[in-house]
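Breakdown of the fold
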Amino acid sequence: MYTAIYPGSFDPVTKGHLDIIDRASKVTDNLIVAVLNNGAKNSLFSVEERVKMLEEETAHLNNVTVKSFAGLLVDFAAECNANMIIRGLRAITDFEYELQMAQTNRILNHKVDTFFLTAGLEYAYLSSSTVKEVAKFGGDLSAFVTPKVAEQVKKKINS
Ligand code: ADP
């Protein structure tokens with residue numbers, strides 16, 4: 001039984017994240033998308049808003065659930081009986097940080113292993129920060145996020 005956690009900020013969820021979720025859900029029994037509740041990080045959306053957006057975007061995937069977590073990822077993984085952590089790799093710039101995190105997490109809890117999926121080619125450049133930057137200047141978000149998420153980003157930025 002493969003229970004996996006896909007953690008991240010998802011502020012907001014992009015088409016790149018959704019591509020990883022879709023692909024990871026096909027190779028796991030249960031996939032938990034875990035939204036990091038990091039009070040210190042300046043996020044555009046609240047954790048509750050990010051969870052809700054992800055729930056709406058993944059409603060068609062039967063083995064995917066969305067939760068929020070605070071504290072150590074490995075503790076949350078143990079709480080969920082998860083044995084896999086899924087992360088997406090976009091470019092070499094992601095690699096160093098991700099490698100360090102994966103190794104640290106494995107030392108903290110050797111029962112959980114990190115699996116990397118390479119970003120879809122069409123989303124390899126895409127980040128939540130890019131989405132927010134483009135939105136700030138009124139740019140077209142349709143290549144980056146779903147129409148529903150685009151609507152919410154625009155509303156939030158203009159509020
Ligand atoms: P974090 O703040 O932890 O980087 P993100 O929400 O930005 O959280 O990303 C969560 C995970 O999704 C990370 O593994 C990141 O590398 C991956 N990711 C982010 N954007 C993309 C993308 N466009 N394509 C594939 N993976 C991505």
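Located above this text is the structure these notes cover.
The following paragraphs examine the structure supplied in this document. (Residues numbered from 1 in each chain as written. Predicted model: local features only at pLDDT ≥ 70, side-chain atom pairs only at ≥ 80, totals over all residues. Heavy atoms only, no water.)

Right, let's get into the site of the ligand. Surveying the vicinity of the ligand reveals 17 residues, the closest of which are Tyr6, Ser9, Gly88, Tyr123 and Leu126. Between the ligand and the protein, one listed contact pairs an oxygen atom with a side-chain N or O atom of His17 at 3.1 Å. The backbone of Gly88 places a nitrogen or oxygen atom 2.6 Å from an oxygen atom of the ligand. Relative to its unbound accessible surface of 540 Å², the ligand loses 88% to contact with the protein. Those elements that place two or more of their residues in the shell around the ligand are β1 (3–8), α1 (15–26), β4 (84–89) and α4 (92–108). (Near = heavy atom within 4 Å. Polar contact = N/O pair within 3.5 Å; in protein donor to acceptor, adjacent residues only side chain to side chain. Areas by Shrake-Rupley, 256 points an atom, 1.4 Å probe, with all protein chains shown as cover. Helix = DSSP H or I, 4+ residues; strand = E, 2+ residues; numbered from the N terminus.)

This brings us to the side chain of Ser127. Its location among the elements puts Ser127 in the loop between β5 (113–118) and α5 (128–136). Apart from residues lying up to four places away in sequence, Ser127 is in contact with Thr14 and Arg90. (Contact = heavy atoms within 4.5 Å.)

Take the pattern of salt bridges next. Side chains that differ in charge, positive against negative, can pair when their charged atoms come close. Within this structure, the stated rule accounts for 10 salt bridges. As a salt-bridge pair, Lys156 and Glu49 come within 2.9 Å of each other at their nearest N and O atoms. Linking Lys156 in helix α6 (residues 147–157) with Glu49 in helix α2 (residues 47–57), this pair joins segments that are 107 residues apart in sequence. Judged by its relative accessible area of 25%, Lys156 is partly exposed. By relative accessible area, Glu49 is classed as partly exposed at 29%. Of the charged contacts, one joins Lys52 and Glu56 as a salt bridge, the two residues approaching to 3.3 Å between their closest N and O atoms. Taken together, the residues span about one helical turn, with Lys52 and Glu56 both in helix α2 at a distance of four residues. Taken together, the shared-partner salt bridges in this structure form one network comprising Lys52, Glu56 and Lys148. (Salt bridge = Lys/Arg side-chain N within 4 Å of Asp/Glu carboxyl O. Buried < 20%, exposed > 50% of the residue type's maximum accessible area, 1.4 Å probe, protein only.)

It is worth spelling out the packing of α2 against α6 at this point. Their axes nearest at 10 Å, the elements α2 and α6 cross at an angle of 160°. In terms of axis orientation, α2 runs roughly antiparallel to α6. Note that α2 runs across α6; the crossing there is right-handed. Contacts from Glu49, Met53, Glu56 and Glu57 of α2 reach α6 at Lys148, Val149, Gln152 and Lys156. (Axes fitted to C-alpha atoms, helices over the stretch in contact; angles between N-to-C directions. Parallel < 35°, antiparallel > 145°, perpendicular 65-115°, else oblique. Left-handed = near helix turned anticlockwise from the far one by under 90°.)

Reading across from one edge, β3-β2-β1-β4-β5 is the order of the five strands in this open sheet, with parallel pairing throughout. Edge positions in the sheet fall to β3 (64–69) and β5, since each of these pairs with one other strand and no more. Each neighbouring strand pair of the sheet contributes to a mean axis angle of 30°, computed without reference to strand direction. Relative to strand β2 (residues 30–36), β1 is paired through six bridges, and the arrangement is parallel. The partner of Tyr6 across the bridge, within β2, is Val33. Running over the sheet, α1 touches β1, β2, β3, β4 and β5 and is turned about 120° from β5. Running over the sheet, α4 touches β4 and β5 and is turned about 170° from β4. (Pairing = 2+ DSSP bridges.)

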